[in-house]
Each structure stands twice: as C-alpha cells, then as structure tokens.
Amino acid sequence: MATTSAGRSSVEELHYPAGTLVLLAGLPGAGKSTLLDRLYGLRGDEREPVRAGEVRVIDSRQSRNWWARYLGPIPPRARTPIVHTTHVARIARALLRGHGVVAHTRGTWPHILYGFAWLARGVGSEIHLILLDVEPSAAREGQLSRGRVVTGTTFARHCRRWRVLIERARGGVLPPATGVTILDRPAADLLRAIRFDERPPTRDG
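For clarity, every value in this text was computed on a predicted model and none was experimentally measured. (Residues numbered from 1 in each chain as written. Predicted model: local features only at pLDDT ≥ 70, side-chain atom pairs only at ≥ 80, totals over all residues. Heavy atoms only, no water.)

Caption draft 1: Representation of the pairing of strand 5 (residues 55-58). The alternating pattern of strand 5 places V55 and V57 on one face and R56 and I58 on the opposite face, and all of these are buried. Note: strand 4 (residues 50-52) against strand 5, three bridges, orientation antiparallel. The residue of strand 5 that forms the bridge with V50 is V57. Counting the residues that bridge the hairpin from strand 4 to strand 5 gives two residues, and of these G53 lies at a positive phi of roughly 70°. Bridge analysis of strand 5 against strand 6 (residues 100-105) gives four bridges, and the strand direction is parallel. The residue of strand 6 that forms the bridge with V55 is G100. (Buried < 20%, exposed > 50% of the residue type's maximum accessible area, 1.4 Å probe, protein only. Helix = DSSP H or I, 4+ residues; strand = E, 2+ residues; numbered from the N terminus. Pairing = 2+ DSSP bridges.)

Caption draft 2: Local environment of the environment of P17. Among the structural elements, P17 can be located in the loop between strand 2 (13-16) and strand 3 (21-26). Owing to a relative accessible area of 31%, P17 belongs among the partly exposed residues under this scheme. A C-alpha to C-alpha distance of 7.9 Å links P17 and E198, two positions 181 residues apart in sequence. The contact partners of P17, leaving out residues within four places of it in the chain, are E126, H128, F196 and D197. (Contact = heavy atoms within 4.5 Å.)

Caption draft 3: Expanded view of the layout of surface pockets. Volume-wise, the largest pocket comes out at about 1,400 Å³. Around the largest pocket, the lining is made up of 48 residues, and of these R64, R106, R146, R148 and V150 lie nearest the centre. Where the lining of the largest pocket is concerned, the elements lending two or more residues are helix 1 (32-40), helix 2 (60-71), helix 3 (76-96), strand 6, helix 5 (136-146), helix 6 (152-170) and helix 7 (185-190). The biggest single contributor to the lining of the largest pocket is helix 3, with eight residues. Broken down by class, the residue content of the lining of the largest pocket amounts to 16 nonpolar, 17 polar and 15 charged. (1 Å grid on protein atoms, 1.4 Å probe; cavity = no way out; pocket = protein on both sides within 12 Å on 5 of 7 lines; lining within 4 Å. Points joined across faces, edges and corners; volume = space filled by probe spheres on them. Nonpolar A, V, L, I, M, F, W, Y, C, P; charged D, E, K, R; others polar.)

Coordinates in, geometry out; function isn't part of it.
In structure tokens:
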C-alpha cells in the first residue's frame, strides 16, 4: 500500500485507474460532502448517484434525501441503518457495473473498508482512500455549519477510531487499500479534480 500525505504544496489533481473505487473518508463534519460539491457541482438535494462520464459520484446525502419522504416520522437514530445500507448498496451496484466510483464513507468503520476491498477484488478493481484529516474542533464546526451534530459520545468514538486509522495509514499498514492519500484542510482546498484513466478501446472480433 502506498501512502501520500499531501500538504500545502499538494498537486491539484489525483489520478486513478479506470473502474477504481475511491472512498473519501473523514470525521463527521470534516468536509467530505463539501469537497464533492465543489469538484462535481453537487447541490446537496440529489436523490440518486451523480454521473460524471463513466464515473459515479455517491454521497450518503443522496440516500438520505431519497428516504426522507418515507422516513420523516422515524427518529434519526432509527433512520441511519436504512440510509447507510442504501448508500453501501449503491456503491456496490456501481462498482459491479464497471464504473469508477468516488464515494463518501465513514472511515471510522474499518469493517466497511474491508467489505469494499473484498468487493473491489471480486470485480478485478482496486480501492483507494482519500482521508480528510482535520482537527476534531474543525470537524465539530463543520457539523454545526451543516446543522447536523452528532452527540458528544458518538463524536468521541469517531475521533478515537479516526486516530487509529490515520496512524495506521501513515505507517503503511492499512491492508484493504491499494493506495491512500491524506489531505489536510489546505490541501483539500487546493484539490481541483479526481480523474480516472480512460479505458483502452476494445477490438471487434
């Protein structure tokens, strides 16, 4: 596994093989959706994955928005498993259909990373991680600005798991991923594109 820590002198583009699964992970409020909005022109009200050529851009908000009309009376805690299952299923479906995928994920749930790695290998693809590493205080501010704040206990748990994930990634011992790029906030602000290689043309006969 190759790990790249991108600071203020970061390149403006990240490149991946065609059909790759790229997972964008970070603490709640770290800026994952904000980065996808900027790179792909998302509005935040989408209900389905967004097409960007052969790539599918999948944010968990899309599943949340799709279910909102049906799950309105249900408490948020009860909605989360349904929304998350839909989000994971959409990523899996796009990958199985051969698309490159850029997707928001909870990086603090390591079993999810292993599951996606297993799926990617099964279709002959790769999994790459982009980790948005921001201070917990900045992530908390991000939660407040979006109007969705996780409880203190839950956030503390996310922070503990995130520290372990980042330390392992920097040490090159995060098994599920082919490659990992760690972005701090200034580097994330400099990123202008996530690009995928073109598939080689097929020959008839």
